[in-house]
Amino acid sequence: MALIEQRLEIAAERARVYEVSQDYAVRYQWDPFPERIAFVGALQTVQRGARVEVVARSGLRMEVEFVQVDAPQRAAIRMLKGPLLLKQFAGSWVFSELGPQRTQAVFRYNLKVQPWALPWLLEPLAVWYFRRAVVARMRGLKNYCEQLVN
C-alpha cells in the first residue's frame, strides 16, 4: 500500500479552514480536482456514514464514504467504488491549530493497486497522479482561505 502525505501551513483560523474544506457550495472555487461532487443516499451532509460521488476533471470517478468526521480537526473517507485499477483507497484531511490564524493542514491518502494491474509499474503512476492533485488542492485551499482573512 502506498502512502501520499502533504503538509501545508495556512494563515487562517482552523475552524474556517475546516469549514471551507468541507463546504461543497464553495469547493469548486478553490479545488481544481473535482468536476462534480454529489451526496449519494439519505445523508446529505458531511457526517460519518455519508456517501459522496466524486468525478474528477480527469474523468476519474469514485464513490467514498466518510468514516470519521471530527470538526474542525479531521475528515476521513474510504473508497466504496472506484476505478478498476484501484483495489483500496482511503484519505484523511487533518487540521491542527498552530496559533492564532495559523493552521497546519495534512492530507494523507493510502492507495493500493489491483494485484493484476502490475503494481510495481502502475502504483508509482497512481501515486504521482494523486500527489499532483493533493499539492494543487492544498495550494487552492491555502489561497482561498488566506484571501478570506485579508
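Preceding this section is the structure that the text describes.
Note that the structure is predicted; figures quoted are calculated from it, not measured.

With respect to the pattern of salt bridges
By the definition in use, this model includes eleven salt bridges. A salt bridge links R102 to E9; the nearest nitrogen and oxygen atoms lie 2.9 Å apart. Taken together, the residues span a long stretch of sequence, with R102 in strand β7 (residues 102-113) and E9 in strand β1 (residues 2-10) at a distance of 93 residues. The class of R102 is partly exposed, set by a relative accessible area of 36%. Here E9 falls in the partly exposed class, since its relative accessible area comes to 37%. Salt bridges sharing common partners tie together E5, R7 and R108.

Some points on the sheet that holds strand β6 (residues 86-99)
Pairing is antiparallel across the open sheet formed by seven strands, whose spatial order is β1-β7-β6-β5-β4-β3-β2. A strand with exactly one partner marks an edge of an open sheet, and here the two such strands are β1 and β2 (34-40). This sheet shows a mean twist of 20° between the axes of neighbouring strands, independent of strand direction. Of the strands in this sheet, β1, β4 (61-70), β5 (74-81), β6 and β7 are in contact with helix α1 (residues 14-22), which crosses β6 at around 155°. On top of the sheet, helix α3 (residues 119-149) reaches β1, β2, β3 (51-56), β4, β6 and β7; it is set at about 15° to β1, its chief contact.

Procedures and definitions
Residues numbered from 1 in each chain as written. Predicted model: local features only at pLDDT ≥ 70, side-chain atom pairs only at ≥ 80, totals over all residues. Heavy atoms only, no water. Salt bridge = Lys/Arg side-chain N within 4 Å of Asp/Glu carboxyl O. Helix = DSSP H or I, 4+ residues; strand = E, 2+ residues; numbered from the N terminus. Buried < 20%, exposed > 50% of the residue type's maximum accessible area, 1.4 Å probe, protein only. Pairing = 2+ DSSP bridges. Axes fitted to C-alpha atoms, helices over the stretch in contact; angles between N-to-C directions. Contact = heavy atoms within 4.5 Å.

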